[in-house]
Amino acid sequence: MEKDSALYQLMDTRMNGIMNGIVSDDGEYQAILRKSDIYSGELDRMDLSKEIRLLIDRYVSEQNALGSRFGMLAYLLGFSDCKAMFFGKCLPTEAKELSQER
């Protein structure tokens, strides 16, 4: 899918704008955030070297990027499925069919 397509632009608007309001009201998201803050505080109290803290930060950042990208791709897939159903197209069900669709 092209990154300048209407679907990508819609995803960008929804994920980077509207999602902020949704997650602020979501109890499960807020619970995960509080638990993450606890772990962050524990790391701060460990008095780790700058190099180790940087490595941990880079690792966590990449893990966050993976989760974020997965969510965006799932959003695109779901939206594409809805579009296909709306236009009466048959949706592929096999992994082989799905990979050929791209």
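Remember, it's a predicted structure, so these values are computed and weren't measured experimentally.

Further remarks concern the overall build of the protein chain. Of regular secondary structure, the protein chain possesses four helices and zero strands. Taken from N to C terminus, the helices and strands of the protein chain fall in the order α-α-α-α. Among the 102 residues that make up the protein chain, the fraction classed as buried is 11%. For the protein chain, long-range pairs separated by at least 24 residues make up 52% of all intrachain contacts whose partners lie at least 6 apart in sequence.

So, about the nonpolar core. Listed in full, the five residues of the largest apolar core are Leu7, Tyr8, Met11, Met72 and Leu76. It is helix α1 (residues 6-25) that contributes the most residues to this core, three residues altogether.

Looking now at the pattern of salt bridges. Here the structure, examined in full by the defined rule, presents one salt bridge. For Arg53, the salt bridge identified is with Asp44, shortest N-O distance 2.9 Å. With a relative accessible area of 37%, Arg53 lands in the partly exposed category.

Right, let's talk about the packing of aromatic side chains for a bit. Following the criterion strictly, the structure yields one aromatic pair and no others. Measuring from ring centre to ring centre gives 6.3 Å for Tyr75 and Phe79, while their planes differ by 20°; the resulting arrangement is stacked. Within this pair, Tyr75 and its partner Phe79 are both found in helix α3 (residues 50-86), separated by four residues, close to a single helical turn.

On to the environment of Gln30, then. Summarising the element assignment, Gln30 is placed in helix α2 (residues 27-45). Of the residues examined, Gln30 reaches a relative accessible area of 21% and is grouped as partly exposed. Setting aside anything within four residues of it in sequence, one finds Gln30 in contact with Val23 and Ser24.

On to the packing of α1 against α3, then. Contact pair α1 / α3: the axes reach a minimum separation of 11 Å and the direction vectors enclose 125°. By the angle between their directions, the pair α1 and α3 is classed as oblique. Of the two possible hands of crossing, α1 and α3 adopt the one that is right-handed. Each of Leu7, Tyr8, Leu10, Met11, Arg14, Met15 and Asn16 in α1 lies in contact with α3, whose residues at this interface are Arg69, Met72, Tyr75, Leu76, Phe79 and Ser80. Here the contact of α1 with α3 is composed, by residue class, of nine nonpolar, two polar and two charged.

Our focus in this paragraph is α1. In this model α1 runs 28 Å from its N-terminal to its C-terminal C-alpha over 20 residues, within 8% of the 28 Å that 1.5 Å per residue would give. Bending of α1 peaks at approximately 50° at the position of Met19. Every buried residue of α1 is accounted for by Leu7, Tyr8, Met11 and Val23.

Taken residue by residue, the protein chain gives an average pLDDT of 83. The fraction at 70 or more is 86%. Per-element averaging of pLDDT across the protein chain places helix α4 (residues 95-101) at the bottom with 56 and α2 at the top with 94.

This part is about unusual backbone geometry. Even without being a glycine, Asp47 presents a positive backbone phi close to 50°. Of note, Asp47 is situated in the loop between α2 and α3.

About the thresholds
- Residues numbered from 1 in each chain as written.
- Predicted model: local features only at pLDDT ≥ 70, side-chain atom pairs only at ≥ 80, totals over all residues.
- Heavy atoms only, no water.
- Helix = DSSP H or I, 4+ residues; strand = E, 2+ residues; numbered from the N terminus.
- Buried < 20%, exposed > 50% of the residue type's maximum accessible area, 1.4 Å probe, protein only.
- Contact = heavy atoms within 4.5 Å.
- Core = buried A, V, L, I, M, F, W, Y, C linked by side-chain atoms within 4.5 Å.
- Salt bridge = Lys/Arg side-chain N within 4 Å of Asp/Glu carboxyl O.
- Phe/Tyr/Trp six-rings, centres within 6.5 Å; stacked < 30°, edge-to-face > 60°.
- Axes fitted to C-alpha atoms, helices over the stretch in contact; angles between N-to-C directions.
- Parallel < 35°, antiparallel > 145°, perpendicular 65-115°, else oblique.
- Left-handed = near helix turned anticlockwise from the far one by under 90°.
- Nonpolar A, V, L, I, M, F, W, Y, C, P; charged D, E, K, R; others polar.
- Expected span 1.5 Å × (residues − 1).
- Bend = angle between axes of the 7 residues up to and from the residue.
- pLDDT = per-residue confidence, 0-100.

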